[in-house]
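Descriptive structure summary
Now for the letters of each chain:
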Amino acid sequence: MTRWRYAAATDTGLVRGTNQDAIFVDSSLAIVADGMGGHAAGEVASAMTVDRVYEGFLEDQSIEGLHRAIEVANSDVLQEARDDPNHFGMGTTVMVVGLTRDSSGVTSPTMFHVGDSRLYQLRDGALRQLSEDHSVAEEWVRMGRLTPDEALTHPRRHQLTRGVGVEETIDIDVMSINAQPGDRLLLCSDGLSNELSADTIVELASPPVPLDDAVYQLVEAAKQSGGRDNISAILLELDEVDLAARPIKRTLGTTPPPVAVSSRPTSHRAIRRNRWLTWRLGVAAGATIFVVVAFFFILHWYAYSTFYLAPENGVIGVYQGQPSGVLWYKPELVASTNFSSHQLRPADEASLQDTISEPSLNAALSYASYLHAAWQASQSVAPTTTTTTTLVTTTTTKKG
Ligand code: MN
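Reading the values: the criteria
Residues numbered from 1 in each chain as written. Predicted model: local features only at pLDDT ≥ 70, side-chain atom pairs only at ≥ 80, totals over all residues. Heavy atoms only, no water. Phe/Tyr/Trp six-rings, centres within 6.5 Å; stacked < 30°, edge-to-face > 60°. Buried < 20%, exposed > 50% of the residue type's maximum accessible area, 1.4 Å probe, protein only. pLDDT = per-residue confidence, 0-100. Contact = heavy atoms within 4.5 Å. Donors = N, O, S within 2.8 Å, 3.2 Å for Na, K, Ca; no water. Helix = DSSP H or I, 4+ residues; strand = E, 2+ residues; numbered from the N terminus. Core = buried A, V, L, I, M, F, W, Y, C linked by side-chain atoms within 4.5 Å. Axes fitted to C-alpha atoms, helices over the stretch in contact; angles between N-to-C directions. Parallel < 35°, antiparallel > 145°, perpendicular 65-115°, else oblique. Left-handed = near helix turned anticlockwise from the far one by under 90°. Nonpolar A, V, L, I, M, F, W, Y, C, P; charged D, E, K, R; others polar.

Section: the packing of aromatic side chains
Scanning the model with the defined rule gives 7 aromatic pairs in all. Ring plane angle 75° and centroid distance 5.3 Å describe the contact between phenylalanine 295 and phenylalanine 296, whose orientation is recorded as edge-to-face. Classification of phenylalanine 295 by relative accessible area gives partly exposed; the value is 47%. Overall, the relative accessible area of 33% leaves phenylalanine 296 in the partly exposed class. In this structure an aromatic cluster arises from ring pairing among Phe295, Phe296, Tyr304, Trp328 and Tyr329.

Okay, here's the thing in structure tokens:
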């Protein structure tokens, strides 16, 4: 069982006339919605969204259930904005952390997020922002068009690229939170994150500061540094975490893929393992192919690296290859001379029967010529005029 304790606060701030933020928190669900729109429309959008998410989570605590609840909020806010001219153009952010339940009953904290409200994780005195802002400036930072510093002052830093109640379809960031007992999670609206530095948040919200004191101090600090917007903070502290809870990160479309429920706790690891396996298999296969190719290359080279003389149809033939062959590489007849294989000195004729190795075709031909000349000399007869070598390139089959 995953459990958290919680504290929350919301404040109008020092500049705005109304508080258009809406929040909700209990032992398994935390919601921050930062409404926008003229008159009271922002309040309507944020309150409606908190209501729909709460209702949806009561019915279905799965990831799909919560995802669907946000889709319902989206279509309801959009419908309300169309039906009531006073509410035209309203919308809201939504940051939800729910203890979602998988098919085996394991509960783990999952973030659902649209807009620029934020989720931070506090662990060991360090603050980590888990959510990405869906604002023009932050999207540009992720695309490399702006530096993070430029985004802080960019005129479009408050312009949202996604919101609840803006379009028919809603793109929701869904992330399973890798939580440990003792972790604190801070959900907040931009009225808090715009006013406070990471250092200040760490200082005010880290243990052992009690949760109630922490949220109060966060809101007060945001007011002291300007309080230009509505300020909301929900602080959760994980007391217990189900062992099976594992981090994943994905964005679900408007129709969440079924894989999200059934394989959620292990899917990320499985994918990583598969990639690792694929990579290893790829390397192993590559190495094996290399070794095999190299082996045959060397074998082929060895099989055909040498030449030898041997009798061939009554003349001296030149073969390429090892006289006894190498595996299936049989020697090939590459040239025939017109020197008789019998018109040789007896010792040479015996050598020829045993084959005479030479390093190259030319060397083999020269030696054949020498053997013939030596025989002629030994006959004490005038050399014949037919000492030129006739090459006959053959096409003897390789395979025996
Ligand atoms: Mn705001």
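That shown, we press on.
Some thoughts on the confidence of the model for the chain
Looking at the chain as a whole, the pLDDT averages 87, with 87% of positions reaching at least 70. For residues 249–271, every residue scores under 50 in pLDDT, and the model assigns this stretch 45 contacts once sequence neighbours within four places are set aside.

Details of the coordination of the manganese ion
Tetrahedral metal sites with four donors have an ideal angle of 109.5 degrees; octahedral sites with six donors have ideal angles of 90 or 180 degrees. Distances from the manganese ion to its protein donors, namely Asp34 (OD), Asp190 (OD) and Asp229 (OD), fall within the range 2.0 to 2.3 Å. Counting the intervening residues between successive donors of the manganese ion yields the motif D-x155-D-x38-D. Highlighted residues: aspartate 34 in strand β3 (residues 29–36) and aspartate 229 in the loop between α7 (211–224) and β11 (231–240), separated in sequence by 195 residues. Judged by its relative accessible area of 11%, aspartate 229 falls in the buried class.

Description of the nonpolar core
Within soluble globular proteins, side chains that are nonpolar generally end up buried alongside one another. If you look at the biggest cluster of nonpolar residues, it comprises 25 residues, and the most contacted ones within it are Ile70, Val96 and Phe112. Broken down by secondary-structure element, the contributors of at least two residues to this core are β3, α1 (41–59), α2 (63–83), β5 (94–101), β6 (107–114) and β9 (172–176). If we ignore the near neighbours within four places in the chain, the residues touching valine 96 are Leu29, Ala30, Ile31, Val53, Leu66, Ile70, Thr110, Met111, Phe112 and Leu187. Listed in part, the 23 residues of the second largest apolar core include Ala7, Ile201, Val209 and Val215.

Topic: the packing of helix α6 (residues 198–205) against α7
The geometry of α6 relative to α7 is characterised by a closest axis approach of 8 Å and an angle of 150° between their N-to-C directions. Classified by the angle between their axes, α6 and α7 sit roughly antiparallel to one another. α7 is crossed by α6, and the crossing has right-handed handedness. For the pair α6 and α7, contact is made by Ile201, Leu204 and Ala205 and by Ala214, Gln217, Leu218 and Ala221, respectively. A class-by-class count of the residues in the contact of α6 with α7 yields 6 nonpolar, 1 polar and no charged.

Focus: the environment of arginine 52
Here arginine 52 shows up in helix α1. On a C-alpha basis, the gap between arginine 52 and glutamate 71 in space is 9.1 Å, while along the polypeptide they are 19 residues apart. Sequence-distant contacts of arginine 52, that is, excluding residues within four places in its chain, are made with Ala69, Val72, Ala73 and Asp76.

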